[in-house]
Amino acid sequence: VQLQASGGGLVQAGGSLRLSCAASGRTFSSYAMGWFRQAPGKEREFVASISWGGGRTNYADSVKGRFTISRDNAKNTVYLQMNSLKPEDTAVYYCAADLTSRTAVIDRVDYWGQGTQVTVSS
């Protein structure tokens, strides 16, 4: 599985961005996908995840109500819509695939995307 993340950039606080992650190499609709982020000097943390069919989602408390994860299995792509962005959302965002999860919970990351930088200015 290869994952290609895109859509990052510089935005003012309160603004929006949509990240995309295109997958290839295996049947996309058969595995859970997620987004993680890593800010400078901090550990990588979970942001959101979605089940293989898209019917179930899971979010970190820090992004609930502001971020929305979705997927289009016909396009082999998962999205992260980020609204009401805050400076503390600044980080490199990574998409991830869990090939064995049958829910929205990411138990084990089998593949990582290359990361896309999101910078939110105050």
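The structure we're discussing is the one just above.
Calculation notes
Residues numbered from 1 in each chain as written. Predicted model: local features only at pLDDT ≥ 70, side-chain atom pairs only at ≥ 80, totals over all residues. Heavy atoms only, no water. Helix = DSSP H or I, 4+ residues; strand = E, 2+ residues; numbered from the N terminus. Rg over C-alpha atoms; globule rule 2.2 N^0.38 Å. Buried < 20%, exposed > 50% of the residue type's maximum accessible area, 1.4 Å probe, protein only. Disulfide = S-S within 2.5 Å. Core = buried A, V, L, I, M, F, W, Y, C linked by side-chain atoms within 4.5 Å. Contact = heavy atoms within 4.5 Å. Pairing = 2+ DSSP bridges. Axes fitted to C-alpha atoms, helices over the stretch in contact; angles between N-to-C directions. Polar contact = N/O pair within 3.5 Å; in protein donor to acceptor, adjacent residues only side chain to side chain.

K.L.:
What am I meant to see in the overall build of the chain here?
P.N.:
For the chain, the count of helices and strands is zero helices and 11 strands. The C-alpha radius of gyration of the chain comes to 13 Å, within 12% of the 14 Å expected for a compact globule of 122 residues. For the C-alpha atoms alone, the extent of the chain along its principal axes is close to 40 × 25 × 25 Å. Per-residue burial for the chain yields a buried fraction of 43% across its 122 residues.

K.L.:
Just to check I follow, could you spell out the state of the cysteines for this structure?
P.N.:
The term disulfide refers to a covalent linkage connecting the sulfur atoms of a pair of cysteines. Overall, the coordinates contain one disulfide when judged by the stated rule. Through a disulfide, Cys21 is tied to Cys95; the S-S separation comes to 2.1 Å. Its S-S torsion of about 60° marks the bond between Cys21 and Cys95 as right-handed, since a negative value means left-handed. Here the residue Cys21 occupies a position in strand β3 (residues 17–24), and Cys95 occupies one in strand β9 (residues 91–98), the gap between them amounting to 74 residues. Assigned by exposure class, Cys21 and Cys95 land together as buried.

K.L.:
Help me understand the nonpolar core, please; the structure alone is not making it clear to me.
P.N.:
Most often, soluble globular proteins have nonpolar side chains that are buried together. Counting residues in each nonpolar core, the largest one holds 31 residues, and the members touching the most others are Met33, Trp35, Leu80, Met82 and Tyr93. Elements represented by at least two residues in this core include exactly β1 (2–6), β3, β4 (32–38), β5 (45–50), β7 (67–72), β8 (77–82), β9 and β11 (116–121). Other than its neighbours up to four places away in sequence, Met33 contacts Leu3, Cys21, Phe28, Ala48, Ser49, Ile50, Ile69, Arg71, Val78, Ala96, Ala97 and Ile106.

K.L.:
Help me out: how do you make sense of the sheet that holds β1 in this one?
P.N.:
Two orientations exist for strands paired in a sheet by backbone hydrogen bonds: parallel and antiparallel. Ordered in space as β1-β3-β8-β7, the four strands form an open sheet in which the pairing is antiparallel. Looking at strand neighbours, the two that pair on one side only are β1 and β7, the edges of this open sheet. Pairwise comparison of adjacent strand axes, ignoring direction, gives a mean angle of 15° for this sheet. Bridge count for β1 against β3 is five bridges, and the pairing is antiparallel. Residue Ala5 lies in a different strand from β3, and its bridge partner there is Cys21.

K.L.:
Hey, could you run me through the side chain of Arg66 in this one?
P.N.:
Relative to the elements of secondary structure, Arg66 occurs in the loop between β6 (57–59) and β7. Looking at Arg66, its side chain comes within polar contact range of the main-chain oxygen of Ser84, at 3.0 Å. The contact partners of Arg66, leaving out residues within four places of it in the chain, are Gln81, Met82, Asn83, Ser84, Leu85, Lys86 and Asp89.

K.L.:
Would you take a moment to explain the pairing of β11 for this structure?
P.N.:
Look at any regular strand and the pattern is simple: side chains alternate between the two faces of the sheet. Side chains Thr116, Val118 and Val120 of β11 all project onto a buried face; the interleaved residues Gln117, Thr119 and Ser121 project onto a face where none is buried. Bridge analysis of strand β2 (residues 9–12) against β11 gives four bridges, and the strand direction is parallel. From the neighbouring strand, Val11 faces β11, where its bridge partner is Val120. Pairing geometry for β9 and β11, over three bridges, is antiparallel. Residue pairing in the sheet places Val92 in a bridge with Gln117 of β11.

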